[in-house]
Amino acid sequence: MVKTKVDDLPGFPSLNSDGKENNNLLKSTASAKAKKSGGFQSMGLSFELLKGISKRGYKIPTPIQRKTIPLILEGRDVVAMAKTGSGKTACFLIPLFERLKRRDPTKGARALILAPTRELAVQTYKFIKELAKFLDLKTILVLGGDSMDSQFSAIHTCPDIIVATPGRFLHLCVEMDLKLTAIEYVVFDEADRLFEMGFGQQLNEILHRLSASKQMVMFSATLPKLLVDFARAGLCDPVLMRLDVESKLPEGLCLKFIYCRPDDRYTTLIILLKYVITQQAQTVVFVGTQHHVELVSYILNECGISNTSVYSSLDPSARKINTAKFVNKKVSVLVVTDVAARGIDIPSLDYVINLHFPGKPKLFVHRVGRCARAGRTGTAYSIFSTDDLAHLLDLHLFLNRSFDINDSNSIGNVPQELLEEEHLTVTEVKNNHNISGVLRTSENAYKKYLSSRPVASTDSNARVKKIKFYSLKPLEDFFNAAPKLNAHAALKEEEMTKTERKFQEQKHDLLLKMHNYKPHNTIFELKKNQKSAPFMAMKEKRSQHTDIIRKYRTKMEELDKEEEVKRADDKKKGMASPQQANETDINAAFSKVVAPKKRQNTDHLYKEKPKKVKKQTISNKDAENYIPYQSADKHTEDGLAINSFERQAMNAEFSVIDRETNQVRHQPGMKKWDRIKKKMVAVQDPRAGKIRTESGAWIPSSFKTGRYNEWKEKSKIEEQLAKETVSDDDDTSFKPLSHEQRYPVSRHARHNAKIESKKRAGVVGGSKEFRTPDQIVKSRMRLEFIKKRNIENAARKAENRKRSMRKCQRAQLAAKSGKGKRKK
């Protein structure tokens, strides 16, 4: 280690002759230098931002942060890919804060962050508040389902950062006719999910409204082809940062797969939550549809497991409340659909359970990536049945993992004793008449879920038929939780001994032998002594098909051996995923690709290179009379040519489609053949109910409803701005409001701010003599409403009084008539 003199360091005063002071100062400088190297301090960030980063608890940047933040600070367009939980959110927020630094209300919004879901947008908004705690920046949140009036007023406050979902943000842009030329920093968070959810049209329209000098950053966990095409069209000389090549899952994540029958799916879930997972642990359960969310939540409540649920059609306020319950550890289980599979960060999450197996391996990665984040450990349990076997093999190929059916640590089934014990409880809950409708709806929804799920590969479907899933052993996790199992089942209080484990293995082997046993004789050959007609027919059949049976058995043995060899090869090498973009598309879209260096294979250094054998080609052409159809210098000419005839001919096309609208031009009276009605029907105009944007695209007319004009009339925002400008011109001593006056914090400050605003509007002390016309109209309308209500109440009371009098008279008449009859 090289020692440096402190006197030589710039910025430090000369030291005294005291050795103790000298050593302490030397230690402090060495520690400061050690902290600065490789940390956020070495990136040249401002002091307020570094203070917020340290307050958040960040000390050392992650690999994706260390590589991406300097590129973004340079002003480059970046497409970054990394596995879930690697700190992608801080990658685009830290350069954002460093670029904006402080508030500037004169320009308007300068940064835009687009997220695919409400939960991810809210999480990003909270993260901004924590990280930019010491920065003077204003951030607003624009979400679908919230009040548009409040969003109108929020945009009029001239925020610096807008966190939004694409649909609602485009609605506000069209409704308010927003000019986004001031935005200089755009972020697409979970970009692949944005395109998968159908936001491509909204993103292109928003991109058209932005300025050409903007900086765009895209973060994703996967790289589909749609994203590559969008990056090629919208980004300027982008840099692709790939850190997902080596591994797609966090290192601390443990995958477990549990096989069960389709009817035992809910029973397996209850067993996991009761016996394997502790009550203090936080668990997220992913289901296929929102109908299953209600069913699973009801079953868990009946079994005494505290839970809450979140799905897409739930009310936004209810989604916030239920998510807050789980994050604050009021409940231990959260039942969700795939709405929470992207970007949601729950720091204390320990377990993830896939009740219904996902159809796409990429969706599985995002589901299980909710746990084991930021260096933590976690476990993901996936319950699969006969419908999911081929998708399970596709998942292992996607993850480059070997599939070993004999590995009871990662794949297995549930012990039969536990299934029998909990099956009755779940069956009683299902038979309850309160959930009969939900159960029937969930069954129909699961059928549609299977039909809409992507089909597994042909290779996996063929390979599944050769794997003996019935030979699976119970998962080791159930035996590791043996004390809890035995306490509940009243078997024993101590751990399972070696003899008991041996007994379980012998029992499994016996059941496997019984399953594999095939009798040599059929039921027609039981009585060999009596030469009956069935016995003679079977004997003749056997003599004819002996060779076929022998060939079939040898073929099955060979297939078993091939499967073992293939399984051994899969352990050594894995297959790449076919869902990723091609290398040619990636190289064409990105000029620079940053990826981790691959290890060099040194095996070729120790092996002799085989000599190349030249293939002898037999040609029947006559060298004298042969005329080639290409010139000798064709390749050279193609490389130097700018526009060749072949290239123009390949790109030429005859189109009957309108180039401007990219649709067939509609004419009144057009008709088309309807296969269902078996007749010609009128063709509707595709532009009906749509409006045309600045970019020329046609969007639904619901984006322009005039609500913004109504809000302006109600809020009188233009009059207030006019008064402020007039007061600025008339009163030279007027000073603009400070940040503390505009955003008061304490109760007294808010009260003083209200009084000040009343003084500005001409209403001093709330006096009725200085009311505005709107206040006068409102008070008169309220008085009229109160009078009308009092009159209606009085009329209603009089009518009730008359009815009661009539009832009393009828009762008196009936009593008199009864007394007269008795006297007679």
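Presented here is a report on the structure given in the accompanying data block. (Residues numbered from 1 in each chain as written. Predicted model: local features only at pLDDT ≥ 70, side-chain atom pairs only at ≥ 80, totals over all residues. Heavy atoms only, no water.)

Another aspect to go through is the overall build of the chain. Counting its regular elements, the chain contains 30 helices and 19 strands. Taking the contacts inside the chain whose residues are at least 6 apart along the sequence as the reference set, 75% of them involve residues at least 24 apart. In the structure as shown, the chain presents an accessible area of about 53,000 Å², 53% of it carried by carbon and sulfur atoms. (Helix = DSSP H or I, 4+ residues; strand = E, 2+ residues; numbered from the N terminus. Contact = heavy atoms within 4.5 Å. Areas by Shrake-Rupley, 256 points an atom, 1.4 Å probe, with all protein chains shown as cover.)

Let us look at the pattern of salt bridges. Taken as a whole and judged by the stated rule, the model has 17 salt bridges. Between R265 and D388 there is a salt bridge, with its nearest N and O atoms 3.7 Å apart. With R265 in helix α11 (residues 265-276) and D388 in the loop between β13 (378-384) and α15 (389-399), this residue pair connects regions lying 123 residues apart in the sequence. Note on D388: relative accessible area 0%, which makes it buried. Salt bridges sharing common partners tie together R103, R110 and D160. (Salt bridge = Lys/Arg side-chain N within 4 Å of Asp/Glu carboxyl O. Buried < 20%, exposed > 50% of the residue type's maximum accessible area, 1.4 Å probe, protein only.)

Take the pairing of strand β11 (residues 333-336) next. Of the two faces of β11, the one holding V333 and V335 and the one holding L334 and V336 are both buried throughout. Direction of pairing for strand β9 (residues 282-286) relative to β11: parallel, over a ladder of four bridges. Of the residues in β11, the one forming a bridge with F286 is V336. Looking at chain direction, strand β10 (residues 307-310) and β11 are connected through four bridges and run parallel. Opposite V310, over in β11, you have V336 as the bridge partner. Once the chain exits β10 it traverses helix α13 (residues 316-327) before rejoining the sheet at β11, and the crossover so formed is right-handed. (Pairing = 2+ DSSP bridges. Right-handed = clockwise from strand over helix to strand, strands pointing away.)

Structurally, the position occupied by D547 is in helix α22 (residues 533-572). Assessed through its relative accessible area of 43%, D547 is described here as partly exposed. A polar side-chain atom of D547 sits 3.2 Å from a polar atom in the side chain of R550. (Polar contact = N/O pair within 3.5 Å; in protein donor to acceptor, adjacent residues only side chain to side chain.)

Contact pair helix α14 (residues 361-368) / α15: the axes reach a minimum separation of 9 Å and the direction vectors enclose 75°. Between α14 and α15, the interaxial angle falls into the category roughly perpendicular. Contacts between α14 and α15 involve P361, K362, F364 and V365 on the former and, on the latter, D394, L395, F398 and L399. (Axes fitted to C-alpha atoms, helices over the stretch in contact; angles between N-to-C directions. Parallel < 35°, antiparallel > 145°, perpendicular 65-115°, else oblique.)

Quick look at the side chain of T283 now. Considering the arrangement of structural elements, one finds T283 in strand β9. For T283, the contacting residues outside a window of four places in its chain are L273, I277, F326, S332, V333, L334, L349, Y351 and I353.

A few words on a negative patch on the surface. Taken together, the side chains of E557, E558, D560, E562 and E564 make up a negatively charged region of the molecular surface. One can find E564 in helix α22. Accessibility expressed as a relative area gives 51% for E564, which makes it exposed. (Patch = residues over 30% accessible without salt bridge, like charges linked within 9 Å, V, L, I, M, F, W, Y side chains within 5 Å. Lys, Arg positive; Asp, Glu negative; His and termini not counted. Charge placed at Lys NZ, Arg CZ, Asp CG, Glu CD.)

A few words now on the sheet that holds β10. The strands making up a sheet are joined through hydrogen bonds of the backbone, oriented either antiparallel or parallel. Across the sheet, which stays open at both edges, the seven strands sit in the order β10-β11-β9-β12-β13-β8-β14 with parallel pairing between neighbours. Two strands close off the open sheet at either side, each with one partner strand: β10 and β14 (411-413). Strand-to-strand twist across the sheet, computed as the mean angle between neighbouring axes with direction ignored, equals 20°. Running at roughly 155° to β13, α11 makes contact with β8 (253-259), β9, β11, β12 (349-354) and β13 of the sheet.

Glancing now at the packing of aromatic side chains. Taken as a whole and assessed by the stated rule, the structure comprises 13 aromatic pairs. Measuring from ring centre to ring centre gives 6.2 Å for Y351 and Y381, while their planes differ by 20°; the resulting arrangement is stacked. One end of the pair, Y351, is in strand β12; the other, Y381, is in strand β13, and 30 residues separate them in sequence. By the burial criterion, Y351 is buried, and Y381 matches it. Relative to Y449, the ring of Y446 lies with its centre 6.1 Å away and its plane at 25°, an arrangement referred to as stacked. In this pair, Y446 and Y449 both sit in helix α17 (residues 436-452), three residues apart, roughly one turn of the helix. With respect to class, Y446 is no different from Y449; both count as buried. (Phe/Tyr/Trp six-rings, centres within 6.5 Å; stacked < 30°, edge-to-face > 60°.)

Here we take up the nonpolar core. One recurring pattern in soluble globular proteins: nonpolar side chains tend to sit buried together. L114, I162, F169, F188, L203, M218 and F230 are the most contacted members of the largest nonpolar core, which totals 45 residues. For this core, the leading source of residues is helix α7 (residues 166-176), giving six residues. F40, A90, L131 and M241 belong to the second-largest nonpolar core, a separate cluster that totals 42 residues. (Core = buried A, V, L, I, M, F, W, Y, C linked by side-chain atoms within 4.5 Å.)

Following the sequence through the fold, L235 ends up in the loop between α10 (225-234) and β7 (239-242). Here L235 falls in the buried class, since its relative accessible area comes to 8%. Put simply, L235 and R76 are 159 residues apart on the chain and 9.5 Å apart in space, counted from C-alpha to C-alpha. Once you skip the residues sitting within four places of it in the chain, L235 turns out to touch D77, V78, V79, M216, M218 and F230.

A separate point is helix α5 (residues 118-131). Here α5 spans 20 Å end to end across 14 residues, near enough to the 20 Å set by a 1.5 Å rise per residue. Where α5 begins, the side chain of T117 points an oxygen toward the backbone nitrogen of L120, at a separation of 3.4 Å. (Expected span 1.5 Å × (residues − 1).)

This part takes up the packing of α7 against helix α9 (residues 200-209). Running from N to C, α7 and α9 cross one another at 45°; their axes reach a closest spacing of 10 Å. Of the possible angle classes, the one that applies to α7 and α9 is oblique. Both α7 and α9 take part in a crossing whose hand is left-handed. Taking contact as the criterion, the partners of P166, G167, F169, L170, C173 and V174 in α7 are, on α9, Q202, L203, E205, I206 and R209. Within the contact of α7 with α9, the residues separate by chemical class into seven nonpolar, two polar and two charged. (Left-handed = near helix turned anticlockwise from the far one by under 90°. Nonpolar A, V, L, I, M, F, W, Y, C, P; charged D, E, K, R; others polar.)

When you line up the elements, E48 lands in helix α2 (residues 47-56). Relative accessible area serves as the criterion here: at 38%, E48 is assigned to the partly exposed category. Taking the C-alpha atoms as reference points, E48 and K133, 85 residues apart in sequence, are found 8.5 Å from one another. Beyond its immediate chain neighbours, meaning those up to four positions away, E48 contacts F134 and L135.

Residues L510, L511 and M514 make up a contiguous nonpolar surface patch of about 330 Å² in total accessible area. Locating L511 in the fold gives a position in helix α21 (residues 498-516).

Before going further, it helps to examine the pairing of strand β1 (residues 78-81). Burial of the side chains of β1 extends over both faces: V78 and A80 are buried on one face and V79 and M81 on the other. Of the strand pairs in this sheet, β1 and strand β6 (residues 215-220) are connected by four bridges, and their pairing is parallel. Paired with V78 across the strands is V217, a residue of β6.

Next up on the list: helix α4 (residues 88-100). Spanning 13 residues, α4 covers 19 Å between terminal C-alpha atoms, matching the ideal 18 Å at 1.5 Å per step. Every buried residue of α4 is listed here: K88, A90, C91, F92, L93, I94, P95, L96, F97, E98 and L100. Trailing α4 by a residue or two, K101 shows a phi angle of about 65°, which is positive.

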